[in-house]
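# Summary of the model geometry
Residues per chain, in single letters:
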Amino acid sequence: MAQIGVFVGTVYGNALLVAEEAENILRARGHEVNVFEEATLESWLDYREHFVLVVTSTTGQGQLPDAIVPLYAALRESGGYQPALRYGVIALGDSSYPNFCAGGHLFDALLQEIGAKRLGDVLEIDATEHPEPEVISCPWVEAWAERIDAQ
């Protein structure tokens, strides 16, 4: 059983819906899962030797949603080196806008910088093609969970 923190950046609720579906899948596989909508650096650091799933949408000109910006900034400024952290990223966006899924890619780049190890590829979900993002995210989360189980 793994300890998994799911950290959410949402504006209209789609990223939270995806995170809650991921929580259900991961719990059904026997993992201990907590979802954080307005996470602090302290809550993140509880998982620095475990697993993290970042589920975030993209706003404006490719920025992160307001609720996850403080966590991103705190990680960048004082999160430290985290080589034992294994993570996944689900990026939600709309391909009709520039900087498609940039919020998720920002987080992924930061986690790479701090030495964390990504399990699998970043999942990009396009709202113009998939109005129900969980249809795309659930099979990805199942595959991600298999990678966790193999650790």
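Residues numbered from 1 in each chain as written. Predicted model: local features only at pLDDT ≥ 70, side-chain atom pairs only at ≥ 80, totals over all residues. Heavy atoms only, no water.

The cut-off we apply is this: UniProt positions are given in the numbering used here, feature names are shortened, and annotations may be inferred rather than shown by experiment.
Where an unreviewed UniProt entry is consulted, the protein appears under the name Flavodoxin, with the organism given as Samsonia erythrinae. Database annotation for the protein, UniProt heading Cofactor (unreviewed entry): "FMN".

## Describing the overall build of the protein
Spelled out, the test is: Secondary structure is summarised from DSSP: a helix means a run of H or I of at least four residues, a strand means a run of E of at least two, and numbering begins at the N terminus for each. The globule rule used here is 2.2 Å times the number of residues to the 0.38 power, and the radius of gyration it is set against is calculated over C-alpha atoms. Per-residue and other accessible areas were derived by the Shrake-Rupley procedure at a 1.4 Å probe size, with only the shown protein chains allowed to occlude residues.
Each helix and strand in the protein was counted, giving five helices and six strands. When the helices and strands of the protein are read in sequence order from the N terminus, they spell out β-α-β-α-β-α-β-α-β-β-α. Since a compact globule built from 151 residues should have a radius of gyration of about 15 Å, the 14 Å found for the protein is in line with a globular shape. For the protein, the spread of C-alpha atoms along the principal axes amounts to about 40 × 35 × 25 Å. Element-wise, carbon and sulfur atoms account for 47% of the exposed surface of the protein, whose accessible area totals about 7,200 Å².

## Let's talk about unusual backbone geometry
Operational definition: Exposure is judged per residue with a 1.4 Å probe applied to protein chains only, and the accessible area is read against the type maximum: over 50% gives exposed, under 20% gives buried, and values in between give partly exposed.
For N99, which is not a glycine, the phi torsion comes out positive at approximately 65 degrees. Position of N99 relative to the elements: it lies in the loop between β4 (86-93) and α4 (102-113). Residue classification places N99 among the partly exposed residues on the basis of a relative accessible area of 40%.

## Some thoughts on α4
Spacing of three or four residues puts side chains on the same side of an α-helix, whose turn is 3.6 residues. Rules: Given the number of residues in a helix, its expected span is that number minus one, multiplied by 1.5 Å. Two residues form a contact once any of their heavy atoms are found within 4.5 Å.
Helix length check: α4 (twelve residues) gives 16 Å between terminal C-alpha atoms against 16 Å at 1.5 Å per residue, within 8%. When α4 is considered as a whole, its buried residues turn out to be A102, G103, G104, F107, D108, L110 and L111. In this structure, the buried residues of α4 make contact with α2 (41-45), β3 (51-56), α3 (69-78), β4 and β5 (117-118). Remark: G115 follows α4 within two positions and exhibits a positive phi of approximately 90 degrees.

## Details of the side chain of D108
With respect to the secondary-structure elements, D108 resides in helix α4. Setting aside its immediate chain neighbours within four residues, D108 contacts Y87, V89, R118 and V122.

## Focus: the environment of V122
Within the fold, V122 resides in the loop between β5 and β6 (123-126). According to the relative accessible area criterion, V122 is buried, its value standing at 16%. For the pair V122 and H105, spaced 17 residues apart in sequence, the C-alpha to C-alpha distance is 7.8 Å. Once you skip the residues sitting within four places of it in the chain, V122 turns out to touch V89, A91, H105 and D108.

## Describing the UniProt feature "domain: Flavodoxin-like" (unreviewed entry) in the protein
UniProt records the feature "domain: Flavodoxin-like" (unreviewed entry) at residues 4-145, using the numbering of this structure. Along residues 4-145 one finds 38% helix and 22% strand; the C-alpha atoms at either end are 10 Å apart.

## What about the pattern of salt bridges?
Where we set the bar: Here a salt bridge means any side-chain nitrogen of Lys or Arg lying within 4 Å of a carboxyl oxygen belonging to Asp or Glu.
Applying the stated criterion to the full structure yields five salt bridges. In this structure, E113 engages R76 in a salt bridge whose closest nitrogen and oxygen atoms are separated by 3.5 Å. Of this pair, E113 sits in helix α4 while R76 is found in helix α3, placing the two residues 37 residues apart along the sequence. Looking at E113, the relative accessible area reads 54%, which means it is exposed. Connected through salt bridges with shared partners, the residues R29, E142 and D149 form a single ionic network.

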